[in-house]
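# Analysis of the macromolecular model
Residue strings, one per chain:
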Amino acid sequence: MEKRVRFKSRWLPWVLVAPQLAITLIFFYWPAAQALLQSVMMDAPFGGSLEFVGLDNFRQLFNDPDYLASFRTTAIFSILVAVCGLSISLLLAVMANRVVRGERFYKTLLIWPYAVAPVVAGVLWVFMFASPMGVIAFWLQAVGINWNHLLNSNHAMTLIIIAAVWKQISYNFLFFLAGLQSIPKSLIEAAAIDGASPWRRFWTIVFPLLSPTTFFLLVINVVYSFFDTFGIIDATTKGGPGKDTSILVYKVYYDGFKAMDMGGSAAQSVILMAIVVTLTVIQFRFVEKKVQY
Amino acid sequence: MRHKFAAAVFAGLFSMGASAQVEIQWWHSMGGALGEWVNDLAKDFNASQSEYKVVPTFKGTYDESMTAAIAAFRSGNAPHILQVFEVGTATMMASKGAIVPVGKVMGDAGVKFDPAAYVPAVAGYYTAPNGQMLSFPFNSSTTVFHYNKDAFKAAGLDPEAPPKTWIEVTQAAAKLKASGHACPFTTSWISWTQLESFSAWHNVEFATKGNGMRGIDARLTFNTPLHVRHIENLSNMAKQGLFVYKGRANAADATFVSGECAMATGSSALYGNVKRNAKFASGISTLPYYPDVEGAPQNTVIGGASLWVMSGKKATDYKGVGQFFAFLSRPEEAAKSHQRTGYLPVTIASYELTEKSGFYKQNPGTDVSVTQMIRKTTDKSRGIRLGNFVQIRTIIDEELEQVWAGKKAPKEALDTAVKRGNEQLDRFLKANK
């Protein structure tokens, strides 16, 4: 006999998923459709001269060598933010997992930066690196490094990566720690009895078992570095020196909200959307195969 | 966001109290001491009559308040009065359906309005080619040269004889460096001080069509030999450590006020900040120039902001706006504002009143900006009004940073900036056909 409850009604399932559907439609599909529509329009800031321009906005973007260069900048930035962010937080999580006394206190401290807004995080780091008064700039001066993120591209890139990674570490840390705590102790103990070193235990047991978490965080971190970092950049380098830290999302923000070029900004967000969709598909297609659930 | 929300709630609470009066919403970008000034103006106007009530609301920086106003206008909730920075002027002028010309507002309100009463170099910037005043010249500043008198003394320079030409600036900078100053000279607003005002000051065009004042189909021209020569000069100063780049917009202001940098070109409105916070004696002088250039020094261009009246309000509301502007134009009110903030006087009468009161004698240097502006302007120096100016300024920032970093030659950087800037002008032209 069938044990599952069956709903015969035709409309009840729809009613049950309706709230979720409504949220998805209103908050995701509607803005996305608006962006698509706006990307083929040209409009004066206050409206009144809405005009269909076809693919003009896109054509202009791809004729701009600076825009093409910002793909490279974005790739460097995103890879470094994701790699540094994940490895540092994994290290911290592994360490925190071993702490017995004062564990809560320690974890709370590590989670704090997550509550800091991106702009504030940016300003905080700018203060420390501001030459010549900032604390870190002062130390660097003492060891012979003349820090100048206003004109040195590498310094500027380092600064925004540090700020972006610092902001995201807490989030990664939380998930890694939860992941570590769900790994059965018996497995690790068995390996220890067999004579495996802590290093080996980590790489052959802990790390593979942690892979679902790592994969999830990889997706989240890439999306984070692509979308959530314009506040940090606006507060630190404003895309400079030149355009050397102007990542794609910063230009979307700048063109849309500072320069009030809605069409151009929408075209860029459509491109950005396409990139992130592609990246996510690739991650789920290829990287996920290596994940052991 | 939370601030905006709180501000909206406050505005809502206040508006409930005064239902009999006609409310005039005024969105502005004046923070700190300048915010108090704006609030005092509204308070004084509200106390002077009982029909209208001006409600000022701080909406963040200039670009933030403009973005907020655009969103509000599109949803039908625009304020009556919006303060817009000078680089947004072309955008506002092109948005014909969104604004009501100030000349018309004043006329309809039946208040006495004489465009000739306003300082020409200031009001001219906000006047349409057909002679109609489009926005109210509320807070205009111009580019001046600030210097640290104490540092001059320490370097063996005469604190009462500031450098007048770029050659003298270089020489003074060398002496300051020799006396141990790590930052002899810096500048805020690179594009405004070193290219825009620089062009007007030397009576050369920054862009064609009278710098865009005669039409929006202008082309940029700031890559002439004179401009290249000046950027080369600055680049050489940067290499020798005489000019230190301190970042975009007004980031360099703080380095002058703190005493880190000894000389700085920047806004005349920095005066108030220096007076209140600097722990040294400071002086203001005219913008440096090249004496061998014919026609220099001419006049400098304005910055700051003006007040625009948004469309779609009731006729009675506009009467109140007209009354308020008439209040701001009163000689004694305008003079008080000028002396309090360091912004340029709005009307000629307010300038004369300030002069008569002996204010300039008591506060040496405060008249520099005025004398730089109250001159007969030429077609090349009247002002610079270009579409997508925000982007063009950023492009100039980006290209010149490459020069200071030693990655691009001055000529190459200026040529690229002109080319990229012209693309922005094309785009503006297309959007506002």
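If you're wondering where the values come from, they're calculated on a predicted model, not measured in any experiment. (Residues numbered from 1 in each chain as written. Chains lettered and ligands numbered in written order. Predicted model: local features only at pLDDT ≥ 70, side-chain atom pairs only at ≥ 80, totals over all residues. Heavy atoms only, no water.)

This next bit is on the overall build of chain A. The secondary structure content of chain A amounts to 13 helices and two strands. If one aligns the C-alpha atoms of chain A with their principal axes, the spans along those axes are about 80 × 75 × 30 Å. Per-residue burial over chain A gives 43% buried out of 293 residues. In chain A, of all internal contacts separated by at least 6 residues, the share reaching a separation of at least 24 is 68%. Across chain A, 22 positive and 15 negative side-chain charges occur, with their mean positions spaced 15 Å apart. (Helix = DSSP H or I, 4+ residues; strand = E, 2+ residues; numbered from the N terminus. Buried < 20%, exposed > 50% of the residue type's maximum accessible area, 1.4 Å probe, protein only. Contact = heavy atoms within 4.5 Å. Lys, Arg positive; Asp, Glu negative; His and termini not counted. Charge placed at Lys NZ, Arg CZ, Asp CG, Glu CD.)

Simply put, disulfide is the name for a covalent bond between the sulfur atoms of two cysteines. Residues and elements named next belong to chain B. Throughout the structure, instances matching the rule amount to one disulfide over all chains. A sulfur-sulfur distance of 2.0 Å marks the disulfide that ties Cys183 to Cys261. The sign of the 90° torsion about the S-S bond sets the Cys183-Cys261 disulfide as right-handed. Within this pair, whereas Cys183 is found in strand S6 (residues 183-187), its partner Cys261 is found in strand S7 (residues 261-267), the two being separated by 78 residues in sequence. The burial state of Cys183 is the same as that of Cys261; both residues are buried. (Disulfide = S-S within 2.5 Å.)

All names here are of chain B. Extensive coverage of S6 is indicated by the burial of five of its five residues. Pairing of S6 with S7, which is carried by four bridges, proceeds in the parallel orientation. Paired with Thr186 across the bridge in S7 is Ala264. (Pairing = 2+ DSSP bridges.)

Residues and elements named next belong to chain B. Position of Lys408 among the secondary structure elements: in the loop between helix H19 (389-404) and helix H20 (410-431). We classify Lys408 as buried; its relative accessible area is 19%. With sequence-adjacent residues up to four places away left out, Lys408 is seen in contact with Glu399, Gln402, Val403, Ala413 and Thr416.

Let's shift gears to the packing of helix H12 (residues 248-258) of chain A against helix H13 (residues 262-287) of chain A. All names here are of chain A. One way to put it is that H12 packs onto H13 with a least axis distance of 8 Å and a crossing angle of 160°. With respect to their mutual orientation, H12 and H13 come out roughly antiparallel. Pair H12 / H13 crosses with left-handed handedness. From H12, Leu248, Val249, Lys251, Val252, Asp255 and Gly256 reach across to H13, where they touch Met262, Ser265, Gln268, Ser269, Leu272 and Ile275. (Axes fitted to C-alpha atoms, helices over the stretch in contact; angles between N-to-C directions. Parallel < 35°, antiparallel > 145°, perpendicular 65-115°, else oblique. Left-handed = near helix turned anticlockwise from the far one by under 90°.)

A word on the packing of aromatic side chains. All names here are of chain B. Following the criterion strictly, the structure yields 41 aromatic pairs over all chains and no others. Within the aromatic cluster, the residues linked to one another by ring pairs are Trp26, Trp37, Phe45, Phe113, Tyr118, Phe136, Phe138, Phe324, Phe325, Phe327 and Tyr343. Of note, Lys59 hangs over the ring of Trp27, and the distance from its end group to the ring centre comes to 4.1 Å. (Phe/Tyr/Trp six-rings, centres within 6.5 Å; stacked < 30°, edge-to-face > 60°. Lys NZ or Arg CZ within 6 Å of the ring centre and 35° of its normal.)

Time to look at the nonpolar core. Membership of the largest hydrophobic core comes to 150 residues, with the highest contact counts inside it found for Phe206, Met263, Phe325 and Trp404 of chain B. If we skip the residues at most four places from it in the chain, Phe206 of chain B touches Leu195, Glu196, Ser199, Asn211, Leu220, Thr221, Phe222, Ile384, Leu386, Phe389 and Ile396 of chain B. In terms of nonpolar packing, the next biggest core, distinct from the first, is built from 15 residues, Leu86, Ala93, Phe176 and Ile183 of chain A among them. (Core = buried A, V, L, I, M, F, W, Y, C linked by side-chain atoms within 4.5 Å.)

Residues and elements named next belong to chain B. Three or more residues of helix H15 (residues 331-341) are buried, namely Glu333, Ala334, Ala335, Ser337, His338 and Thr341. Buried residues belonging to H15 abut helix H2 (32-48), helix H14 (315-329), helix H16 (348-356), helix H17 (359-362) and helix H18 (368-373). Count one or two residues on from H15 and you reach Gly342, which has phi positive near 90°.

Attention shifts here to the interface of chain B and chain A. Chain B puts 32 residues into the contact, and the matching count from chain A is 33 residues. Summed over the three residues of chain B that lose the most area to chain A, namely Ile70, Arg74 and Arg427 of chain B, the buried surface amounts to 23% of that side. Viewed at the interface, chain A and chain B are joined by six salt bridges. The shortest N-O distance in the salt bridge between Lys243 of chain A and Glu398 of chain B comes to 3.1 Å. Here chain B and chain A share 15 residue pairs in polar contact (both at pLDDT 80 or more) between them. Every element with two or more residues in the side of chain B that touches chain A is listed here: helix H3 (62-74), helix H4 (89-94), H19 and H20 of chain B. The class makeup of the residues in the side of chain B that touches chain A is 12 nonpolar, eight polar and 12 charged. (Buried area = accessible area lost by both parts, 1.4 Å probe. Salt bridge = Lys/Arg side-chain N within 4 Å of Asp/Glu carboxyl O. Polar contact = N/O pair within 3.5 Å; in protein donor to acceptor, adjacent residues only side chain to side chain. Nonpolar A, V, L, I, M, F, W, Y, C, P; charged D, E, K, R; others polar.)

Here the focus is the side chain of Ser199 of chain B. Residues and elements named next belong to chain B. Residue position: Ser199 is located in helix H9 (residues 190-201). Take Ser199: its relative accessible area is 1%, and that puts it in the buried class. Excluding its chain neighbours within four sequence positions, the residues that come into contact with Ser199 are Val204, Glu205, Phe206 and His227.

Side chains that differ in charge, positive against negative, can pair when their charged atoms come close. For the structure shown, the criterion picks out 28 salt bridges over all chains. Of the charged contacts in the structure, one is a salt bridge between Asp261 of chain A and Arg427 of chain B, with a shortest N-O distance of 2.9 Å. With Asp261 of chain A in the loop between H12 and H13 and Arg427 of chain B in helix H20, this residue pair bridges two chains. Residues Asp261 of chain A and Arg427 of chain B agree in their burial class; the two are buried. We note a salt bridge from Asp415 of chain B to Lys411 of chain B, for which the minimum N-O separation is 3.0 Å. Of the two residues, Asp415 of chain B and Lys411 of chain B are both situated in helix H20; the distance of four residues between them amounts to about one turn of the helix. Lys411 of chain B sits in the partly exposed class, given a relative accessible area of 42%. Through salt bridges that share partners, Asp66 and Lys243 of chain A together with Glu398, Glu399, Lys408 and Arg420 of chain B make up one connected network.

Residue and element names in this part refer to chain A. Between helix H3 (residues 65-98) and helix H7 (residues 153-181), the shortest axis-to-axis distance is 6 Å and the interhelical angle comes to 40°. The orientation of H3 with respect to H7, classified from their angle, is oblique. Here the hand of the crossing between H3 and H7 comes out right-handed. Among the residues making up the contact of H3 with H7, the classes are represented as 22 nonpolar, six polar and no charged.

On to the pairing of strand S2 (residues 52-58) of chain B, then. Of all seven residues making up S2 of chain B, five are buried, and the element is well covered by its neighbours. For the crossover that starts at strand S1 (residues 22-28) of chain B, traverses H2 of chain B and ends in the parallel S2 of chain B, the hand is right-handed. (Right-handed = clockwise from strand over helix to strand, strands pointing away.)

On average, residues of chain A score 88 in pLDDT, and 98% of them reach the 70 mark or higher. Looking over chain A, one finds the lowest element-wise mean pLDDT in helix H4 (residues 103-111) of chain A, namely 82, and the highest in H7 of chain A, namely 93. (pLDDT = per-residue confidence, 0-100.)

Before going further, it helps to examine H9 of chain B. Residues and elements named next belong to chain B. Within H9, 12 of the 12 residues are buried, which leaves the element mostly enclosed by the surrounding structure. Within the sequence span of H9, burial applies to Ile190, Ser191, Trp192, Thr193, Gln194, Leu195, Glu196, Ser197, Phe198, Ser199, Ala200 and Trp201. Just beyond H9, the residue with positive phi is Asn203, at close to 55°.

Our focus in this paragraph is a nonpolar patch on the surface. Residues and elements named next belong to chain A. Together, Ile23, Leu25, Ile26, Phe27, Phe28, Tyr29 and Trp30 line one region of the surface with nonpolar side chains, adding up to about 830 Å² of accessible area. Along the chain, the position of Ile26 falls in helix H1 (residues 12-38). Overall, Ile26 belongs to the partly exposed group, its relative accessible area being 44%. (Patch = residues over 30% accessible without salt bridge, like charges linked within 9 Å, V, L, I, M, F, W, Y side chains within 5 Å. Areas by Shrake-Rupley, 256 points an atom, 1.4 Å probe, with all protein chains shown as cover.)

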